[in-house]
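Secondary and tertiary structure notes
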Amino acid sequence: MKDFAATPQMLDVLCPMHVFLDATGHVTHAGPTLSKLFGGTPLVGARLLEVFALKRPHRIQTMADLQNSAGVKLHFQMRQPPGTELKGVATPGPEAGSLVLNLGFGIGIADAVRSFDLTGGDFAPTDLTIEMLYLIEAKTAAMDALKKLNGSLASSVEVAEEKALSDTLTGLRNRRALDHVMGRLIEWDRPFAVMQVDLDFFKAVNDTLGHAAGDHVLQVVADVFREMTRGDDVVARVGGDEFVILFPGELKLEALDRIGTRMIEKLEVPIPFGDKLCKISGSIGTAFFVPGSGIGQAALM
């Protein structure tokens, strides 16, 4: 019966991370996956121990030591970045003094796959690494899906919170939002002013032209308030035709009187609805919170 010796081409399929070493420790053939780790740097002709540092066993220092360690578990580290660690085992090769060394990543497979862009095609079909790659891909897909789901949930929560603090018809803040901001400013003892606006003759619009006209008027009024307030002011609809505007900071009564007068002038401009005109006005009252006064929220409203 003839002696059987595996050829490099056979091992390229069965063990794609192997190397053939001659008696001097030079690489005479390298498997395709092992070659891939080194990019464009050719392995053939290089000395193994100049390419890899042999970390364990420490007693192995030379090629002769390696030749006498057939079957022993070996620990290597690539000398070039990223310094990937590999495990290996050597067996005598077909030529005198030669060795065949098979290498693998061990538990570092996940990092190696990312570092070297490896795929299932870089491993033998029967290698358990293939199963691990499938698990990594499945985990990555699951994490991506979870990330998207969390993003959707976060967006849904933000939308729900925004709805809970907004008036559906006008898009202004509601009483809950106003109470929250006012409570915080009182707690922090920060100055602010509160302007209450009641619409005059609004009931007549509802009674004569219907609720659709009334809704339209409220939306136009909301736009007027947005136009005449600052970005950090809080404009809230707290009742059917009742609005409150909270102005943070120290403001003089004269300044608020001017704002209120301009608002009334705007509100008194007839609002078209179909072929009709809706005529309203407004009544305004203002209160101030002075730090240290101890005035509560109920007294300001």
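Since we're looking at a predicted model, the values are computed, not measured.

Rules behind the numbers
- Residues numbered from 1 in each chain as written.
- Predicted model: local features only at pLDDT ≥ 70, side-chain atom pairs only at ≥ 80, totals over all residues.
- Heavy atoms only, no water.
- Core = buried A, V, L, I, M, F, W, Y, C linked by side-chain atoms within 4.5 Å.
- Buried < 20%, exposed > 50% of the residue type's maximum accessible area, 1.4 Å probe, protein only.
- Helix = DSSP H or I, 4+ residues; strand = E, 2+ residues; numbered from the N terminus.
- Contact = heavy atoms within 4.5 Å.
- Expected span 1.5 Å × (residues − 1).
- Patch = residues over 30% accessible without salt bridge, like charges linked within 9 Å, V, L, I, M, F, W, Y side chains within 5 Å.
- Areas by Shrake-Rupley, 256 points an atom, 1.4 Å probe, with all protein chains shown as cover.
- Salt bridge = Lys/Arg side-chain N within 4 Å of Asp/Glu carboxyl O.
- Lys, Arg positive; Asp, Glu negative; His and termini not counted.
- Charge placed at Lys NZ, Arg CZ, Asp CG, Glu CD.
- Pairing = 2+ DSSP bridges.
- Axes fitted to C-alpha atoms, helices over the stretch in contact; angles between N-to-C directions.

1. Regarding the nonpolar core
- Within the largest apolar cluster, 33 residues are counted, with the highest numbers of intra-cluster contacts made by Leu37, Leu48, Phe52, Leu66 and Phe105.
- In terms of residues, this core owes the most to one element, helix α5 (residues 109-116), which gives four residues.
- With residues up to four places along the chain from it excluded, the contact list for Leu66 reads Leu21, Leu48, Leu54, Ile60, Leu74 and Leu99.
- One finds Val205, Val221, Ala222 and Met263 within the second-largest nonpolar core, a separate group that totals 26 residues.

2. Here we look at unusual backbone geometry
- The omega torsion across Arg56 and Pro57 is -5°, close enough to zero to call that bond cis.
- Turning to its location among the elements, Pro57 is positioned in the loop between β3 (52-56) and α4 (63-67).
- Following Pro81, the chain continues into Pro82 via a peptide bond in cis, with omega recorded as 10°.
- Examined against the element boundaries, Pro82 turns out to sit in the loop between β4 (74-78) and β5 (85-92).
- The phi dihedral of Phe201 is positive, around 70°, even though this residue is not glycine.
- Tracing the backbone through its elements, the reader meets Phe201 in the loop between β7 (192-200) and α8 (202-209).

3. Let's talk about helix α9 (residues 211-227)
- If you check α9, its first and last C-alpha atoms are 24 Å apart, about what 17 residues at 1.5 Å a residue would give, namely 24 Å.
- Every buried residue of α9 is accounted for by Ala213, Gly214, Val217, Leu218, Val221, Ala222, Val224 and Phe225.

4. Section: a positive patch on the surface
- Among the surface-exposed residues, Lys55, Arg56, Lys73, Arg79 and Lys87 lie close enough to one another that they form a single positively charged patch.
- For Lys73, the location among the structural elements is in the loop between α4 and β4.
- Overall, the relative accessible area of 53% leaves Lys73 in the exposed class.

5. Considerations on the sheet that holds strand β1 (residues 18-21)
- Strand order across the open sheet formed by six strands is β2-β1-β6-β5-β4-β3, with antiparallel pairing between neighbours. The open sheet has two free edges, formed respectively by β2 (27-30) and β3, since each of these has just one partner strand. With strand direction ignored, the average angle separating the axes of adjacent strands in the sheet is 30°.
- Pairing of β5 with strand β6 (residues 99-104), which is carried by six bridges, proceeds in the antiparallel orientation. By the bridge assignment, Val89 is partnered in β6 with Asn102.

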